[in-house]
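# Structural features, examined
What follows is the residue order along each chain.
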Amino acid sequence: MIMKLSVSVVALMALLVSRAQAFVSVGGNGNTHVSITGSAVMAKIYEVCEAVAESEEREFKPTGSSVEELLRACLGTATGEVSGAKFRTALNQIYMQNGYVDRDFMGSAPHHFNNEAFNEGRNLISQGTAAIKANVRNDNLQSARETLGRVCHTLQDFYSHSNWVELGNKSPYANLIRPDLNIENIADVTMPTCSDCASGSCPNPLLPAILNGKYLTSGYMGLFSSDKPQGKCSHGGDTDLSSSQNPRGGISKDERLSYNSELHNSAVNLASEATLDLLEDIRGAIGNKDYLRLMGIARSAVLAFVIDTTGSMSNDIAEAKRVAYNIIDSKKGTQDEPSEYILVPFNDPDFGPLIRTTDPDVMKSEISKLNAAGGGDIPEMCLSALQLALTGAPSSSHIYVFTDATAKDTFLEKTITALIRSTKSTVSFFMTSTKRTRRALNVQPRSQFQMYYDMALASGGQAIEVSKSSLSQATDIIVDTSTSALVTILQRSRNPGRVESFPFLLDESVSNTTIYITGSDLIFTLHSPTGVSQDNMVANGPLGIIQKVGNLQRIQLNGTDIGLWHIDMKSTQSYTIKVIGQSAITFIYDFVEEFKGPHPGYAVIDGRPQAGIPAKLLLTLTGEKGPEVLEVQEVAFVEVSGLRVSNGTTEKMGDGDFLVTMNEVPEGEFVVWLKGKDMTSSSLFQRQSTTQMSQSKVTIKAMADSSMLPGQEFKLNFTITTNGTGGVYTIRAGNDKSIPMNFPGMLTLGSGGSAQGTVSLTPPANTVSGTDITLTIEAEGPGGSDSNYAVLRLSVLSKVTDLTPPKCEVVGVQGSCSSSSCSSSNWELSVNITDGNGTGIESITIQQGSGNLTQKEVVDANVTVVMGLYEATCCSPSVTLSAVDKVGNVGRCTYSMETSAASLLISMSLPLWACLLVSSMSLLRDAFPL
């Protein structure tokens, strides 16, 4: 059935069209895979948000058409700030991977449905969809998003590159997302399919025999050779060498040209509807709440603890429990309530497991089980536990480490730094050294924990050293930072210290401003825009309350005077300064590089950007009312530990996206600094990234083109390149699941040269399908002077043999609905749901509707039947039940009571595809790239 979209949805879909320029196409202004995917994604999000609001019996009314206003309405009316940063990050992960298909699989016929590779292309869709569902079940949401982006690209190419449109089809080909159905009537390899088109611009060169016989064919793409089977259609276009061979021309509908505009428009419409069908299938398999989490719609805070559990840590564990319980209890029902809880214990020689939950009561239970025991020598497995947290937590998480010992697994130092940079997560350490520790190591506190100080600085976190008795006074920082809409205004470090004044802007949107200054013998004065001052000796002054504990001074501002503030530092010993607050105005960014090919674009750099060339980053600005009311005035790279500032040039790409080019880059570590203006209040704002980055002359390229199978060896090729001096490069590789690996320990590169290597690993045969393995590859140049890394997320997916969705049978409907008073009338729906000889029913949920569903399982003639009874008032006259088997196949039943006529409209869908909610999108513009 066709669903008419509301005006707000159409506005959101139109808004997303502008994303095309930012990710895929550097030329043309029309539809791309990214804009088609984005429009479908936003339409489905809107629909799911409405369904969730209905089930919670609340209104869903976005105050405007921006992505941010949709997010706020979807999350509900809980108090607190809402930031669009994680939502935008999640969407970008989908869109970026969508564009990468043109870069990484340019010559792969199945990825583009070229060369009549229909079964192979459909297999990519089926395998990818199964991986998405398995990843979501295991909370590996980033891997699921990235796979979704790639699958959408391949699915959409079917409509542009095949003759499905020319055959007169007016709806998507359901068999592409139904692995239990065959791709039918494919033209044989010996069957001619096209007539010659001398001009190269014939509207429909397909042979009459193909059209009359309804044979399915697609164009052959010759990127490197003009060869193709005799009589076959070409893809067409300047980059297709085969299009010059008889039969000339092509059947691609990638671009809307004068001779194919109607075919192009139809291809775009069908690709859009097919993408909605795919999203609906995924939604049915994982449920509404997890679907929204997949799309990045969740409260932004994540509470992640990494806790030392050795014998001397009893007081620290008790404090971690107290803080966690306090956050869980005090923030419940607000936007500050954590969307996810993560716990990783460690001691020696054990660490883990990673415990992850969205249920606060489960987190309380797991924390309550922690006990301090064991431990002998001082160093512990801190970095191994931190590695688990960094790979298991969502990007841009705040992770808190409690320990009183140094790290034993120091070999992971560069891996941790690579993961911090890759995930942009912030790590803060609470270090409670004891006299026993210092005596055993015979070092001063700062040097004892120097590695932790360095990691905290690299991530933008804090390294706080206190006595065990005063730890409780330092943990306010966890409450401050485990909050929604957290932004960093300023962060600087000086070692050694120096007399210096640090200015920072506070704008009208910022609340709960807090300043952290760490170091010893701190001397400073804080100045407000109105000229009021307060020095470090005044604990409770006109500007704020200063709390001193260990090496930390925390300043909680009394209010927020708008304008330019200053912190005047007079200390000569090392110190760090960080200013944070809450605000919906923030930015996200990725370093990118341009790639060439039939459809050039920009790809995120995996690792440090290359030295010797201008640095480019894609920056996305977000705010409460959307980016259209925000103005970027300046973007710069700033040395956190130095004085150098490099300014960039910005190119507006649309919908809050900016391409920033830095011709000069600081030689050391730097962060991204942004200054802008909020046009609604004419208030200037300042924001800063937290993760430090630097350039490298070494690059690592690696690409995983398939999932891993349990018990089978997986090989991944990688390439190391340098634009610096040659020599022997040290190679390190590791993964977060401790799977044994084989890889070359050294590779020899010539000056400005490259070398290839292979990493192989075999996940255990009992690995759960959907498990995510984070693989880190590092390359270090001669003498350790330069290095770089690549971080890849690999999914383990068991082979799926159950391809048939559950079946639904209507048993009966009782009750009637009157238009006079919906709340006083009720209705019931009875259904029987079976999975035949499949893997069995995993769940039956209400996908849409606010009634109650009860279930009872019975066995009838050796077939398990789930009997369901749905009960609702007539205020909720429609219901959609989603039945999912154990491998993610989805069947649906959709029913509606017509209140106006007091009659019953029954619509039963056995497989999911037969009754999907699709839109009548018409995005008819210029380009639909390969």
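Residues numbered from 1 in each chain as written. Predicted model: local features only at pLDDT ≥ 70, side-chain atom pairs only at ≥ 80, totals over all residues. Heavy atoms only, no water.

When you go through the protein residue by residue, the secondary structure sums to 20 helices and 40 strands. Relative to the globule expectation of 30 Å for 930 residues, the C-alpha radius of gyration of the protein, 29 Å, shows essentially globular dimensions. Principal-axis analysis of the C-alpha atoms places the extent of the protein at approximately 85 × 75 × 60 Å. When burial is assessed residue by residue, the protein has 58% of its 930 residues classed as buried. Of the contacts formed within the protein by residues at least 6 apart in sequence, a portion of 73% connects residues at least 24 apart. Looking at the protein as shown, the accessible area adds up to about 34700 Å², and 49% of this sits on carbon and sulfur atoms. Placing the 71 positive and 94 negative side-chain charges of the protein at their respective mean positions leaves the two points 3 Å apart. (Helix = DSSP H or I, 4+ residues; strand = E, 2+ residues; numbered from the N terminus. Rg over C-alpha atoms; globule rule 2.2 N^0.38 Å. Buried < 20%, exposed > 50% of the residue type's maximum accessible area, 1.4 Å probe, protein only. Contact = heavy atoms within 4.5 Å. Areas by Shrake-Rupley, 256 points an atom, 1.4 Å probe, with all protein chains shown as cover. Lys, Arg positive; Asp, Glu negative; His and termini not counted. Charge placed at Lys NZ, Arg CZ, Asp CG, Glu CD.)

An α-helical turn contains 3.6 residues, so a residue and the one three or four places further along point in the same direction. Looking at helix H13 (residues 360–368), one finds that the buried residues are Pro360, Met363 and Ile367. All buried residues of H13 project into a common sector of 55° when viewed along the axis, lining one side. On the buried face of H13, the contacting elements are strand E1 (302–308), helix H12 (314–330), strand E2 (340–346) and strand E3 (355–357). The N-cap residue of H13 is Asp359: its side-chain oxygen and the backbone nitrogen of Asp361 are 2.9 Å apart. (Arc of directions from axis to C-beta. Polar contact = N/O pair within 3.5 Å; in protein donor to acceptor, adjacent residues only side chain to side chain.)

The next subject is the pairing of strand E15 (residues 575–582). Most of E15 sits out of view: seven of its eight residues are buried. Alignment of strand E7 (residues 486–494) against E15, held across eight bridges, turns out to be antiparallel. Along E15, the bridge assignment pairs Arg492 with Ile577. The pairing of strand E9 (residues 511–519) with E15 spans seven bridges and is classified as antiparallel. Within E15, the residue paired with Thr518 across the bridge is Thr576. (Pairing = 2+ DSSP bridges.)

Okay, the packing of aromatic side chains next. Here the structure, examined in full by the defined rule, presents 21 aromatic pairs. Measuring from ring centre to ring centre gives 4.7 Å for Phe429 and Tyr452, while their planes differ by 10°; the resulting arrangement is stacked. With a gap of 23 residues between them, Phe429 in strand E5 (residues 426–431) and Tyr452 in helix H18 (residues 450–459) connect regions that are remote in the sequence. Considered together, Phe429 and Tyr452 belong to a single accessibility category, that of buried residues. The interplanar angle of 90° and the centroid separation of 6.3 Å between the aromatic rings of Phe502 and Tyr575 together place this pair among those described as edge-to-face. (Phe/Tyr/Trp six-rings, centres within 6.5 Å; stacked < 30°, edge-to-face > 60°.)

Let's shift gears to the pairing of E5. Within E5, six of the six residues are buried, which leaves the element mostly enclosed by the surrounding structure. Of the two faces of E5, both are covered, the one formed by Thr426, Ser428 and Phe430 as well as the one formed by Val427, Phe429 and Met431. Where strand E4 (residues 398–403) and E5 come together, six bridges link them in parallel fashion. Bridge pairing in E5 links Thr403 to Met431. Once you follow E4 into helix H15 (residues 413–423) and on to E5, the crossover reads as right-handed. (Right-handed = clockwise from strand over helix to strand, strands pointing away.)

Time to look at the sheet that holds strand E11 (residues 533–535). One open sheet accounts for four strands, arranged E8-E14-E10-E11; its pairing is antiparallel. On the outer flanks of this sheet lie strand E8 (500–506) and E11, each paired with one strand and no other. Between one strand and the next, the sheet's axes are offset by a mean angle of 20°, whatever the strand orientation. Note that strand E10 (residues 524–527) and E11 share three bridges and pair antiparallel. What sits directly across from Leu526, in E11, is Gln534. (Axes fitted to C-alpha atoms, helices over the stretch in contact; angles between N-to-C directions.)

A few words on unusual backbone geometry. Apart from glycine, the bulk of residues carry a negative phi angle, and the bulk of peptide bonds sit in the trans form. A cis amide bond links Asn246 with the next residue in sequence, Pro247, at an omega value of -5°. Secondary-structure assignment places Pro247 in the loop between helix H9 (208–212) and helix H10 (261–286).

Before going further, it helps to spend a moment on the nonpolar core. Formed by 63 residues in total, the largest nonpolar core has its most connected members in Ile45, Leu148, Phe158, Tyr159, Leu176 and Met295. The contact partners of Ile45, leaving out residues within four places of it in the chain, are Leu70, Phe87, Leu91, Tyr291, Leu292, Met295 and Ile297. Val344, Ala456, Leu619 and Phe670 belong to the second-largest nonpolar core, a separate cluster that totals 56 residues. (Core = buried A, V, L, I, M, F, W, Y, C linked by side-chain atoms within 4.5 Å.)

This part covers the confidence of the model for the protein. Confidence in the prediction for the protein averages 87 pLDDT; 91% of positions are at 70 or higher. This stretch, residues 1–29, has a pLDDT under 50; its non-local contacts, to residues over four places away or in other chains, come to 89 contacts. Scored below 50 in pLDDT, residues 899–930 shows 135 contacts in the model against residues more than four places distant or in partner chains. (pLDDT = per-residue confidence, 0-100.)

Inspection of the secondary structure puts Ser641 in the loop between strand E19 (630–638) and strand E20 (645–647). Excluding residues within four positions of it along the chain, Ser641 makes contact with Leu457, Ser493 and Arg494.

Let's shift gears to the packing of helix H8 (residues 141–161) against H10. At a minimum axis distance of 9 Å, the contact between H8 and H10 shows a crossing angle of 145°. The crossing of H8 and H10 is right-handed. Contact residues: Leu148, Val151, Cys152, Leu155, Gln156, Tyr159 and Ser160 in H8; Ala267, Leu270, Ala271, Ala274, Thr275, Leu278, Leu279 and Ile282 in H10. (Left-handed = near helix turned anticlockwise from the far one by under 90°.)

Within this structure, the stated rule accounts for 44 salt bridges. The partner of Glu47 in a salt bridge is Arg283, with the nearest N and O atoms 2.8 Å apart. Taken together, the residues Glu47 in helix H3 (residues 33–55) and Arg283 in helix H10 connect sequence positions 236 residues apart. Of the residues examined, Arg283 reaches a relative accessible area of 2% and is grouped as buried. (Salt bridge = Lys/Arg side-chain N within 4 Å of Asp/Glu carboxyl O.)

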